[in-house]
Amino acid sequence: MASISIAVKRPISVTETLEASSSQPPHKKIRIQTTTKNAANGKLQQALNILETISPQNSKELLDLLVKIADELVLNDCQLPEIHDAISKLIELFRQERDGDTTIRVMILGLLADLSDIRIAEVVNALIDEIIGVLKYEKSQKVIAQGLGSLHKIGTKNLKILATMHVTKIAHFAQQQLCSESHQTQKNALMVLSSFVALTDAKKGVIDTIGHYADSQDSGVRAQSLRSILCLGERGALLSPALYQRAVDAMQDDYECVRQQALQLVLQIGLKHPEHMILCGTEDEEEMRLIDAAFSKVCAALCDLSIQIRVQAAEHLGQMTMVGPEFLHQTLDKKLMSNLRRKKTAHERGAQLVASGEWSSGKRWADDAPQEHLDAKTISLIASGACGALVHGLEDEFMEVRIATVDSMCKLALKHPDFAVTCLDFLVDMFNDEIEEVRLKAIYSLTAIARHIVLREDQLEIMLSSLEDFSVEVREGLHLMLGACRVSTQACLLMVVQKLLDVLAKYPQDKLSAFGCMRKVGQKHPHLCMAVTSHLLQDHPFFDSAERDVEDPSYLCILILLFNAAASLVPIISLFPDVTLKHYAYLRDAMPALVPPLPIEGASTKKPMDDVNSSNNSREYLETMLAHINDIFTIATERVPLLKTAQDNLKRLGEIDPEMVGTANFLETFLAAQIQIEQLQSCTTSHHSRAPLKESLSQLVRNCLKLQHIFSGLSYSDMLLVKQICLRASALHLVLVVRDRSQSALGPCQMLLQTASDISNFLDDKESFQPDTLTTSLLNQLSSIVDPKPGKVFREILPLVQRPCVVRMPPPNVNIKMCEANILEPCPQMSQDNVIKVTAGLIAALPFVAEIDNLQETQKNDMRIKIKYPDQHMHTVVPKLSDFKKIMTEQGAHETNVKLRTTILLSHSVWTEASSVEITLCLAVRPGTDLELCKPAKILFAPKPVRRGI
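Predicted, not measured: the structure shown is a model, and the values here were computed from it.

## Quick look at helix H30 (residues 640-656)
Helix length check: H30 (17 residues) gives 25 Å between terminal C-alpha atoms against 24 Å at 1.5 Å per residue, within 8%. Among the residues making up H30, those that are buried are Val640, Leu643, Ala646, Gln647, Leu650, Leu653 and Gly654. Take H30 and look down its axis: the buried residues cluster within an arc of 130 degrees, on one side only.

## Some thoughts on the sheet that holds strand E14 (residues 892-906)
Strands sit in the order E8-E10-E14-E13 across an open sheet of four strands; the sheet is antiparallel. One side of each edge strand has no neighbouring strand; the edge strands of this open sheet are strand E8 (820-825) and strand E13 (884-889). The mean inter-strand angle of the sheet, taken between neighbouring strand axes irrespective of direction, is 35 degrees. Sheet topology places strand E10 (residues 844-853) next to E14; nine bridges connect them, and they run antiparallel. When the sheet's bridge partners are listed, isoleucine 852 is paired in E14 with valine 898.

## A word on the nonpolar core
Leu112, Tyr244, Leu446, Met481 and Leu482 are the most contacted members of the largest nonpolar core, which has 175 residues in total. In terms of residues, this core owes the most to one element, helix H27 (residues 553-568), which gives 11 residues. Excluding its chain neighbours within four sequence positions, the residues that come into contact with methionine 481 are Phe431, Ile443, Leu446, Thr447 and Met463. Ranked by size, the runner-up nonpolar core spans 101 residues in total, among them Leu643, Leu667, Leu774 and Ala821.

## Digging into the environment of glutamine 538
With respect to the helices and strands, the residue glutamine 538 is situated in the loop between helix H26 (533-537) and H27. What glutamine 538 contacts, discounting residues up to four positions off in sequence, is Ser545 and Arg548.

## Here we look at the packing of aromatic side chains
For the coordinates displayed, the defined rule picks out seven aromatic pairs. Between the aromatic rings of phenylalanine 563 and phenylalanine 576, the centroid separation amounts to 5.6 Å while the plane-to-plane angle is 80 degrees, which identifies the pairing as edge-to-face. Residue phenylalanine 563 is found in helix H27, and its partner phenylalanine 576 is found in the loop between H27 and helix H28 (578-590); the two are separated by 13 residues along the sequence. In this structure, phenylalanine 563 and phenylalanine 576 share a single accessibility class: buried. Aromatic rings pair up to connect Phe563, Phe576 and Tyr584 into one cluster. Of note, arginine 475 hangs over the ring of tyrosine 507, and the distance from its end group to the ring centre comes to 3.7 Å.

## Here's the deal with the confidence of the model for the protein
Overall, the prediction assigns the protein a mean pLDDT of 83, with 83% of residues at 70 or greater. For the protein, strand E2 (residues 12-19) is the element with the lowest average pLDDT, namely 32, and helix H14 (residues 307-317) is the one with the highest, namely 96. Segment residues 337-343 is flagged for pLDDT under 50; beyond a separation of four residues in sequence, or across chains, it makes 16 contacts in the model. Low pLDDT, under 50, characterises residues 376-383; the predicted model gives this stretch 19 contacts beyond four residues in sequence or across chains.

## Remarks on unusual backbone geometry
Residue glutamate 825 is joined to proline 826 through a cis peptide bond whose omega torsion reads 0 degrees. Position of proline 826 relative to the elements: it lies in the loop between E8 and strand E9 (835-839). One non-glycine residue, asparagine 854, lies in the positive phi region at around 60 degrees. Tracing the chain through its elements places asparagine 854 in the loop between E10 and strand E11 (863-868). By relative accessible area, asparagine 854 is classed as buried at 15%. Although it is not a glycine, glutamine 872 sits at a positive phi angle of roughly 70 degrees. Along the polypeptide, glutamine 872 turns up in the loop between E11 and strand E12 (874-877).

## Here's the deal with the pairing of E9
Only one face of E9 is covered, namely the one carrying Ile836 and Val838; the face carrying Val835, Lys837 and Thr839 has none of its residues buried. Pairing of E9 with strand E17 (residues 937-944), which is carried by five bridges, proceeds in the parallel orientation. What sits directly across from threonine 839, in E17, is lysine 944.

Thresholds applied
- Residues numbered from 1 in each chain as written.
- Predicted model: local features only at pLDDT ≥ 70, side-chain atom pairs only at ≥ 80, totals over all residues.
- Heavy atoms only, no water.
- Helix = DSSP H or I, 4+ residues; strand = E, 2+ residues; numbered from the N terminus.
- Expected span 1.5 Å × (residues − 1).
- Buried < 20%, exposed > 50% of the residue type's maximum accessible area, 1.4 Å probe, protein only.
- Arc of directions from axis to C-beta.
- Pairing = 2+ DSSP bridges.
- Axes fitted to C-alpha atoms, helices over the stretch in contact; angles between N-to-C directions.
- Core = buried A, V, L, I, M, F, W, Y, C linked by side-chain atoms within 4.5 Å.
- Contact = heavy atoms within 4.5 Å.
- Phe/Tyr/Trp six-rings, centres within 6.5 Å; stacked < 30°, edge-to-face > 60°.
- Lys NZ or Arg CZ within 6 Å of the ring centre and 35° of its normal.
- pLDDT = per-residue confidence, 0-100.

Written out as structure tokens, the structure is:
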């Protein structure tokens with residue numbers, strides 16, 4: 001291993017590893033590590049040497065030094081001899097302190113567990129042998145408990161590289177420690193045993209052995225026993241139905257930690273053996289399904305004193321979808337339904353009377369009437385706490401329980417359509433909850449089960465009253481829900497339309513959401529819409545009415561409703577007046593996403609392309625275009641104009657076919673970077689003007705950053721091609737900056753080294769992929785430089801950069817998605833009538849709403865809102881993570897599409913007249929470089945001078 005230090009902004013060391021390959025020349029692995037880690041490793045060796053000089057009687061100094069080692073411990077897999085030396089010294093110190101302070105031995109075992117982070121089989125196996133060897137002669141239960149914890153930590157981190165013999169050795173040692181009198185030792189032994197015991201041994205009674213500790217007098221041991229059984233179940237061991245009664249008994253434990261694990265175990269056993277029949281504990285020896293019994297026990301936990309248990313129980317109910325319908329419906333009624341008892345036949349009642357020997361004497365009236373003697377234990381097959389369990393959850397004082405209950409009701413209703421109809425009233429009542437999050441959960445749950453229900457008028461009244469909610473998220477959620485549901489009568493439809501129009505007049509910013517709601521309502525109720533068409537259009541049978549403004553949002557809502565209904569029921573068109581037909585021709589071109597194609601004369605009759613045929617045609621065209629591009633690269637000269645034409649075609653393909661926008665833009669950006677590299681390569685041999693050269697380099701770096709950060713869904717081969725072109729661009733950037741001599745080359749040099757380290761680590765992880773010849777040469781050349789200063793790196797890589805070499809185009813990958821944004825508010829089209837006026841120096845708050853497609857979770861922290869004033873002053877706003885909300889659909893929350901809703905602040909000194917301010921969304925990929933995700937929205941802003949009083 002050769003160690004080289006590279007001078008960049010901060011000192012870093014580069015370690016090279018030569019990897020041989022049969023098909024490609026060897027490339028060098030470049031690993032960048034800070035010198036602080038090397039210094040820490042030196043301190044570790046120095047501290048271990050000091051350990052030998054400290055007297056064993058001076059326990060305080062030993063403990064302080066061990067704490068210092070633990071704080072500064074940094075491992076490096078290149079220092080294997082030092083790790084072995086550290087293990088041997090710590091073990092020797094442990095033996096010396098056998099009769100000394102237990103705290104030191106506990107600290108040493110913790111350090112030995114930290115040394116397992118090196119992830120080398122030889123080191124890990126040696127650690128396990130040494131720890132088990134010293135623990136066999138240990139008398140302190142505190143030290144043994146820590147040793148078991150260290151073995152668990154070492155084993156779980158290195159399970160893939162551990163030998164089977166060592167796994168068995170760990171499990172055997174843990175099983176021996178179960179008979180310890182220390183509760184902490186028992187807990188750690190149970191934890192280790194469940195993680196490492198062989199599943200074949202688990203069938204031979206290990207689960208029963210672990211289960212016996214559920215009767216321990218210590219609550220921690222009882223909880224760990226149940227947790228260990230669950231761990232074995234997760235690993236694949238079969239949990240017997242016989243464990244069910246033990247878990248039910250543990251649900252009555254006084255300690256919350258035990259009840260939590262018992263509740264989880266009841267759920268898992270019920271899910272694994274749903275059809276297993278068990279006795280319900282009544283006098284009649286009735287049998288019931290295990291899933292039904294487990295469901296009743298989980299329902300009873302909804303009345304637990306602990307909020308954590310109630311939340312857990314409410315969440316578990318949603319997973320038990322195989323429960324019987326009679327038990328499911330009972331959870332919505334607090335009264336016992338017919339006591340859920342099996343009714344005896346007349347023959348059975350007569351036989352019971354004969355057996356009892358009691359006969360009527362006839363002296364008293366109705367003394368032979370049946371008298372029911374109830375026993376509290378035999379009232380029901382379901383425990384009384386399960387009756388109305390979901391109602392209890394909906395009425396809980398904590399919002400967490402109510403949210404979990406609503407979510408479980410939704411999951412159960414999706415599997416049981418009859419239960420969806422029954423729970424509809426309860427979900428509608430949750431629209432009046434005082435907490436917005438609960439109301440939203442109820443709205444989205446009702447949206448998910450909308451296909452199973454039809455709304456009545458009384459239910460609609462409660463729903464529509466929530467439309468006036470101040471929260472815009474609640475209103476948009478209700479729009480989504482109303483679009484997904486079906487109503488029963490014309491009166492219900494008119495009620496929905498009228499309420500939507502009234503709320504739209506109050507909240508005009510909900511225009512787009514209301515349009516989408518009307519579109520869905522029209523598609524689901526064509527026959528009801530036909531009956532009220534004349535009423536909605538205010539069409540008089542004898543008199544012509546005045547033409548309404550086609551830009552009026554209320555009138556647009558009605559037109560969108562009727563046009564979408566007419567798409568399913570064409571005779572509605574005959575009821576439209578002539579002016580409505582003219583408006584359709586305009587709206588069909590202005591709003592093609594909201595207005596469907598109709599057989600109306602004079603309107604655009606262009607129908608949307610079939611998705612399958614369109615996708616196939618686009619893919620064939622893309623493959624043909626890539627083949628032509630590869631042919632163009634074989635031309636020696638004058639190929640740039642042809643490549644630019646292909647670039648324009650790729651950009652146009654992304655605009656035409658929405659399904660190919662990610663793939664087409666990725667290939668277009670990749671080709672643009674190829675063209676720029678080819679154009680700038682000629683500058684490496686001749687001097688050109690500095691300004692165009694600097695601008696071209698900046699554009700090349702921006703394209704490389706777009707390839708790395710804007711696109712997702714790339715395959716490993718695509719990633720390798722992107723990294724190769726970025727390495728080539730970084731090398732070209734350094735060469736041109738050094739030749740230009742007008743700016744510092746330290747930054748480009750550091751970027752080149754980091755890019756080389758990144759691609760080297762990638763090739764090390766993905767050994768099946770091989771780089772091209774130029775990439776291999778650059779990596780080998782960079783790793784051979786002893787002192788990588790910009791000038792020296794420039795001289796070494798200049799011959800390689802001047803050599804023309806093209807990176808092949810990636811194959812078409814339809815899974816590539818592009819992160820892009822659409823600003824909804826403020827409106828991107830600037831209006832002269834809408835001017836934001838504010839006193840100069842004060843602040844104007846402006847609502848900002850944008851939809852962002854294909855945004856990864858890690859990119860939310862990098863999102864920025866940039867505000868550009870007319871004087872070129874820039875202001876950057878960092879939105880809060882809570883401002884990002886997933887876009888909801890009828891199928892649930894979208895994975896990568898989010899809506900950003902926040903407020904931005906505008907302020908400036910006095911202007912003579914209103915001027916435009918540009919607002920755009922950017923992705924901050926590195927300091928000083930932002931990638932714009934959309935076109936800027938322009939607003940008119942007018943800071944006015946302060947008015948002076950008389």
